[in-house]
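Architecture and fold: a report
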Amino acid sequence: MSGTMEALRNYRGPSVLCYGFRPFFLAAALWAVLAMICWLAMLTGMASLPMRFDPVTWHAHEFLFGYLAAVIAGFVLTAVPNWTGRLPVMGGRLAVLVLLWLAGRVVMALSRALAWPVVLAVDLALVLALVFFLAREIIRGRNWRNLPVVVLVLSYGAGNALFHVEAHLSGIAFDDAGMRLGLAAALMLIALIGGRIIPSFTRNWLSARGARRLPHGFQRADIVVLALTALTLLTFVIRPENAVLRWIMLSCGTAHLWRMSRWCGGQVLGEPLLWVLHLAYGFLAFGFLAEGLAQFGLLSIPAARHVWLAGAIGMMTLAVMCRATLGHTGYPLQAGAGTTAIFLSLLVSILLRVISGLPWVPVAALHLSALLWIIGFAGFALLYGPKLLRPRRGKRMPNPPAVAQGS
């Protein structure tokens, strides 16, 4: 890490461009707010965008491949220097990556006026750059343990490419193979990386308080759960209509609940920065169960899908963004009242979205869910934006990346 520390000490550019998490986490939160406002305006007929996609397809894409791409970029550009000991991307090079992401959002919104290969190329540019960066740094740093992350980010990008092809051919692609592949890659990242950092962070917190019962580390049983997850998600992408998939989904969800039961989540209820990570992983597990129930006709597919999208991905990314920002900007790893409030706002938003498809639930629940989503991410921008824009508090030398400890 000495080279990273030295580079950060010598950096003299804008603070927001000194580390990848700063611009990308702020951009992700702002886009989560703006895209939801645009979605509500289109849903109610108050506005429209000059795009070739139907509103539902655009809405799904801009969460999975727009918002999430920014979070993945912020995470990768921050964690990889800690994994490899190599220099972070900063300054002008980081600004170029942010502009690539922003260009993707613009061409998606204006896609009707552009050739679809142009939209595809611009929208894929950031993820392709991230794959190149990841592969180069991991190979040069001989950090073979994290090579699966390269494969998953590449799969995520392949899902986006396939989405564009499917949207061009049919115009509607919100539940086609491209979206499923992108979702599967994102969920596998949560299972892989979340399964490292959640028990590690929990163990550190409990050890500091003298707890006797500590989380289990990564063991062979975790490999089995990850293998089952990969099989389940691969079937979900390739053969979603397979009758056996419902049983595999239920088995996989149960396996993840068992896995997280070994992480002592009930002992960290006093620290929101920790219980929110356990809760987000719980949404991953319940998402598998919900998908299985949906295939039995006991739950609507959109409701089940949002357990994964809003629950596992939305909650996990917000939790990681909060923790990483605090750790990197010199603040204690403790959640104040404002941070707890945005976690609770997002939690209620997720629950309302999941139940909004039930026949006895009024449509106002869907609108309230969207409002609480906006409040949650706008709250992050207001609370953490100044931290992301200002120099690190105290010493210039950063802590080891809070998103990557235990990886």
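This text gives an overview of the structure that appears in the document. Just so we're clear, the structure is a prediction, and the values are computed from it rather than from any experiment.

Attention shifts here to the overall build of the protein. Helix and strand counts for the protein stand at 13 helices and zero strands. Shown N-terminal to C-terminal, the secondary structure of the protein runs as helices and strands in the order α-α-α-α-α-α-α-α-α-α-α-α-α. Taking 22 Å as the expected radius of gyration for a compact globule of 407 residues, we find that the protein reaches 20 Å, a close match to that expectation. A buried classification covers 57% of the 407 residues belonging to the protein. Within the protein, contacts between residues separated by at least 24 positions form 78% of all contacts whose residues are at least 6 apart in sequence. By element, 70% of the accessible surface of the protein is carried by carbon and sulfur atoms, the whole surface being about 16400 Å². For the protein, the distance from the average position of its 32 positive side-chain charges to the average position of its 12 negative side-chain charges is 14 Å.

Right, let's get into helix H4 (residues 92–109). Helix length check: H4, at 18 residues, gives a terminal C-alpha distance of 26 Å against a target of 26 Å (1.5 Å per residue), a fit within 8%. All of the buried residues in H4 are Leu94, Leu97, Val98, Trp101, Gly104, Arg105, Val107, Met108 and Ala109.

For the coordinates displayed, the defined rule picks out 18 aromatic pairs. Between Phe65 and Tyr156, the aromatic rings sit 5.3 Å apart at their centres with planes inclined by 45°, giving tilted as the arrangement. One end of the pair, Phe65, is in helix H3 (residues 55–84); the other, Tyr156, is in helix H6 (residues 147–170), and 91 residues separate them in sequence. Accessibility expressed as a relative area gives 1% for Tyr156, which makes it buried. Pairing Trp373 with Phe377 gives two aromatic rings, centres 4.8 Å apart and planes at 45°, and the pair type is tilted.

Rules and cut-offs
- Residues numbered from 1 in each chain as written.
- Predicted model: local features only at pLDDT ≥ 70, side-chain atom pairs only at ≥ 80, totals over all residues.
- Heavy atoms only, no water.
- Helix = DSSP H or I, 4+ residues; strand = E, 2+ residues; numbered from the N terminus.
- Rg over C-alpha atoms; globule rule 2.2 N^0.38 Å.
- Buried < 20%, exposed > 50% of the residue type's maximum accessible area, 1.4 Å probe, protein only.
- Contact = heavy atoms within 4.5 Å.
- Areas by Shrake-Rupley, 256 points an atom, 1.4 Å probe, with all protein chains shown as cover.
- Lys, Arg positive; Asp, Glu negative; His and termini not counted.
- Charge placed at Lys NZ, Arg CZ, Asp CG, Glu CD.
- Expected span 1.5 Å × (residues − 1).
- Phe/Tyr/Trp six-rings, centres within 6.5 Å; stacked < 30°, edge-to-face > 60°.

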